[in-house]
Amino acid sequence: MRFSQMCVFYFKMYFPIFLNISKVKILIVGAGNVALAKLEAILELGPGKNVTLLSKDFGSFAEKLADENGVGKILSEYSSDYLTDFDVVVAATDERQVNAQIAKDAKELGKIVNAVDDPANSDFIFGANAKFGDIVISTGSSGVSPVLSRLIKQKIQVFLPRNLNVLSDFLAKNKDLVRGKIKDLQTRRLFLQDVIEGEVAEEVEALNEKKAQEIFEDKLEKAILGQKNNGAVYFIGAGPGDPDLLTLKAVKLLSKVDVVLYDRLVAPEILSFSRKDALKISVGKTRDFHSFTQEQINAEIRKYALQGKVVARLKGGDVSLFARLSEEIDAIKDLNVPYQIVPGVT
């Protein structure tokens, strides 16, 4: 049996959910280094008033950390009676068997529980969080390797600008303005993506907020005027199938589209660059079987473009080689819909 197959039996997959910790009561059982590490992770993202430490002994650092952040303290041996008033339980003592018992007791009471370094007994795990103001990027390995998660977190912190929170604050300030001016959801989404990827974000990150606001409002007015039909078609070459060889422009455009018409040679990993809610339609052909004829593919491109959708025609290899590109362009020429051709690596 392969190691990757063995992992299926020993490790769970966890769905990442961001929990509003101001609305739940959290009990951390323990006050040693492990417990305090979990407490500090929680305090990075919210106040300590809904968090309580339960331990038979509190060191000076634990006392100080709890008191400075309004964290409750219960000086006592563990008893399942203490679990009743809490929604989330973190079993973080220095004894694995005690943590397993706490997890068992908590689950019997219907609590959500994390047993430190024990995925088998945990309903949730702590991610390695990179925080930029209101932006939080959490990395997890399903309990396989917290060290790997922390290394990925560090790479994220190095790669992304430290003042990313400034852009988040700028968007928050203009959120109601955009919603009030642009009623159409698709138009609003495309407008905000253009803002985040373009010169507005560059000016914000350079702390030129006044100039950024001027450019933002100018773009907003143009978006209002053009919001009746925002259809576009992108003819994108997916290259030889390796996601790492997809061009940066292809990745950027795929993230905008509403509909993807893709060939059979396009790898699932490449499709994942599109939005989760994008409609994905396989129009692939083999030598002996055509799920869609070329005429039907042309009709599909035309249909969605007429609906004002942003369409990607995603092809293996280079988009213009052996791929009937001219026919597909001809299908939309009379619609006055903008289109782009994005070559693929061959």
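See above for the structure.
Residues numbered from 1 in each chain as written. Predicted model: local features only at pLDDT ≥ 70, side-chain atom pairs only at ≥ 80, totals over all residues. Heavy atoms only, no water.

Trainee: Any chance you could explain the pattern of salt bridges here in plain terms?
Mentor: Pairs can form between side chains of opposite charge once their charged atoms are near each other. Taken as a whole, this structure holds 19 salt bridges when the rule is applied. The closest approach of N and O atoms between Lys-73 and Asp-67, which form a salt bridge, is 2.6 Å. We note a salt bridge from Glu-108 to Lys-104, for which the minimum N-O separation is 2.8 Å. With Glu-108 and Lys-104 both in helix 4 (residues 96–108), this residue pair falls four residues apart, about one helical turn. Through salt bridges with shared partners, one network takes in Arg-189, Asp-258, Arg-275 and Asp-277. (Salt bridge = Lys/Arg side-chain N within 4 Å of Asp/Glu carboxyl O. Helix = DSSP H or I, 4+ residues; strand = E, 2+ residues; numbered from the N terminus.)

Trainee: How should I be thinking about the layout of surface pockets in this particular structure?
Mentor: Left-over empty space is what a probe sized like a water molecule reveals as it rolls over the atoms. The calculated volume of the largest pocket comes to roughly 1000 Å³. Lining the largest pocket are 29 residues, and of these Ile-17, Phe-18, Leu-19, Phe-124 and Ile-125 lie nearest its centre. Among the secondary structure elements, those contributing two or more residues to the lining of the largest pocket are helix 2 (33–43), strand 4 (88–91), strand 6 (128–132) and strand 7 (135–139). The leading source of residues in the lining of the largest pocket is strand 7, at three residues. Of the residues in the lining of the largest pocket, the class split is 18 nonpolar, seven polar and four charged. Of the voids in this model, the second largest pocket is the one considered here, and its volume is about 600 Å³. Lining the second largest pocket are 25 residues, with Lys-38, Phe-126, Gly-127, Pro-146 and Arg-150 sitting closest to its centre. (1 Å grid on protein atoms, 1.4 Å probe; cavity = no way out; pocket = protein on both sides within 12 Å on 5 of 7 lines; lining within 4 Å. Points joined across faces, edges and corners; volume = space filled by probe spheres on them. Nonpolar A, V, L, I, M, F, W, Y, C, P; charged D, E, K, R; others polar.)

Trainee: What should I look at first to understand unusual backbone geometry in this one?
Mentor: Peptide bonds are, in most cases, trans, and in most cases residues other than glycine have a negative phi. In the Ramachandran plot, Leu-207 falls in the positive-phi region, its phi being about 65° despite a non-glycine side chain. In this structure, Leu-207 sits in the loop between helix 8 (199–205) and helix 9 (209–225). One non-glycine residue with positive phi stands out, namely Asn-336, at about 55°. Residue placement: Asn-336 occurs in the loop between helix 13 (325–330) and strand 12 (339–342). For Asn-336, a relative accessible area of 72% puts it in the exposed group. (Buried < 20%, exposed > 50% of the residue type's maximum accessible area, 1.4 Å probe, protein only.)

Trainee: Help me understand the sheet that holds strand 5 (residues 112–115), please; the structure alone is not making it clear to me.
Mentor: Sheet strands pair by backbone hydrogen bonding; their relative direction is either parallel or antiparallel. Spatial ordering of the open sheet is given by 3-2-1-4-5, a layout of five strands whose pairing is parallel. At either end of the open sheet lies a strand with only one pairing partner, and these are strand 3 (72–75) and strand 5. Pairwise comparison of adjacent strand axes, ignoring direction, gives a mean angle of 15° for this sheet. Note: strand 4 against strand 5, four bridges, orientation parallel. Among the inter-strand pairings, Val-88 is bridged to a residue of strand 5, identified as Ile-112. On top of the sheet, helix 4 reaches strand 1 (26–29), strand 4 and strand 5; it is set at about 170° to strand 5, its chief contact. (Pairing = 2+ DSSP bridges. Axes fitted to C-alpha atoms, helices over the stretch in contact; angles between N-to-C directions. Contact = heavy atoms within 4.5 Å.)

Trainee: What's the story with the sheet that holds strand 11 (residues 310–315) in this structure? I'm lost.
Mentor: With parallel pairing, five strands are arranged side by side in an open sheet as 10-9-11-8-12. The strands lining the two open edges of the sheet, one partner per strand, are strand 10 (279–282) and strand 12. Adjacent strand axes in the sheet meet at a mean angle of 15° when their direction is disregarded.

Trainee: How do you make sense of helix 12 (residues 294–306) when you look at a structure like this?
Mentor: Because the α-helix completes a turn every 3.6 residues, residues three or four places apart line up on one side. Helix length check: helix 12, at 13 residues, gives a terminal C-alpha distance of 18 Å against a target of 18 Å (1.5 Å per residue), a fit within 8%. On its buried face, helix 12 sits against strand 8 (232–237), strand 9 (259–262), strand 10, strand 11 and helix 13. One or two steps after helix 12, the chain reaches Gly-308, where phi turns positive at roughly 85°. (Expected span 1.5 Å × (residues − 1).)

Trainee: Mind showing me how you'd approach the nonpolar core here?
Mentor: The nonpolar side chains of a soluble globular protein tend to be buried with one another. Residues Ile-26, Ile-28, Leu-39, Val-51, Leu-53 and Val-71 are the most contacted members of the largest nonpolar core, which totals 21 residues. Among the elements of the structure, strand 1, helix 2, strand 2 (51–55), helix 3 (60–68) and strand 4 are those that each provide at least two residues to this core. Element by element, the count of residues in this core is highest for helix 2, at five residues. When near neighbours in sequence (up to four residues on either side) are disregarded, Ile-26 contacts Ile-21, Ile-42, Asn-50, Val-51, Thr-52, Phe-86, Val-88 and Val-90. Core analysis: the second largest hydrophobic core is formed by 20 residues, Leu-190, Val-266, Ile-270 and Ala-312 among them. (Core = buried A, V, L, I, M, F, W, Y, C linked by side-chain atoms within 4.5 Å.)

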